[in-house]
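Spelled out from the first residue to the last, the chains are:
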Amino acid sequence: MSDNYKPIKSMKEVPDQLRKLRREYIRYQQAELIYSLSHKKLQNIFEACLRSQRKVEGEYDG
């Protein structure tokens, strides 16, 4: 059963791995946030274009 576990080389290895994983997780969270904000911004721009096109065509009353 002890064959399933890797021996810890040093006590510093675990905190180093933890720091690395936290940085990767934070990068992932930031990328997710940027993507969602970009998507929302693109959606707003698209909707504004549609509204202005409808205004030009006389279909929009707002």
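No experiment lies behind these values; they were computed from the predicted model shown. (Residues numbered from 1 in each chain as written. Predicted model: local features only at pLDDT ≥ 70, side-chain atom pairs only at ≥ 80, totals over all residues. Heavy atoms only, no water.)

1. A word on the overall build of the chain
Looking only at helices and strands, the chain features 1 helix and 0 strands. A burial count over the chain gives 0% of its 62 residues as buried. (Helix = DSSP H or I, 4+ residues; strand = E, 2+ residues; numbered from the N terminus. Buried < 20%, exposed > 50% of the residue type's maximum accessible area, 1.4 Å probe, protein only.)

2. Things to note about the pattern of salt bridges
Per the counting criterion, the structure on display carries 1 salt bridge. The salt bridge involving D16 is made with R19; its shortest N-O contact spans 2.8 Å. Of this pair, D16 and R19 are both found in helix α1 (residues 13-57), 3 residues apart, which corresponds to roughly one turn of the helix. Judged by relative accessible area, R19 falls into the partly exposed class, the value being 45%. (Salt bridge = Lys/Arg side-chain N within 4 Å of Asp/Glu carboxyl O.)

3. Thoughts on α1
The terminal C-alpha atoms of α1 lie 66 Å apart, and with 45 residues this matches the ideal 66 Å at 1.5 Å per residue to within 8%. At the exit of α1 stands G58, carrying a positive phi of roughly 80°. (Expected span 1.5 Å × (residues − 1).)

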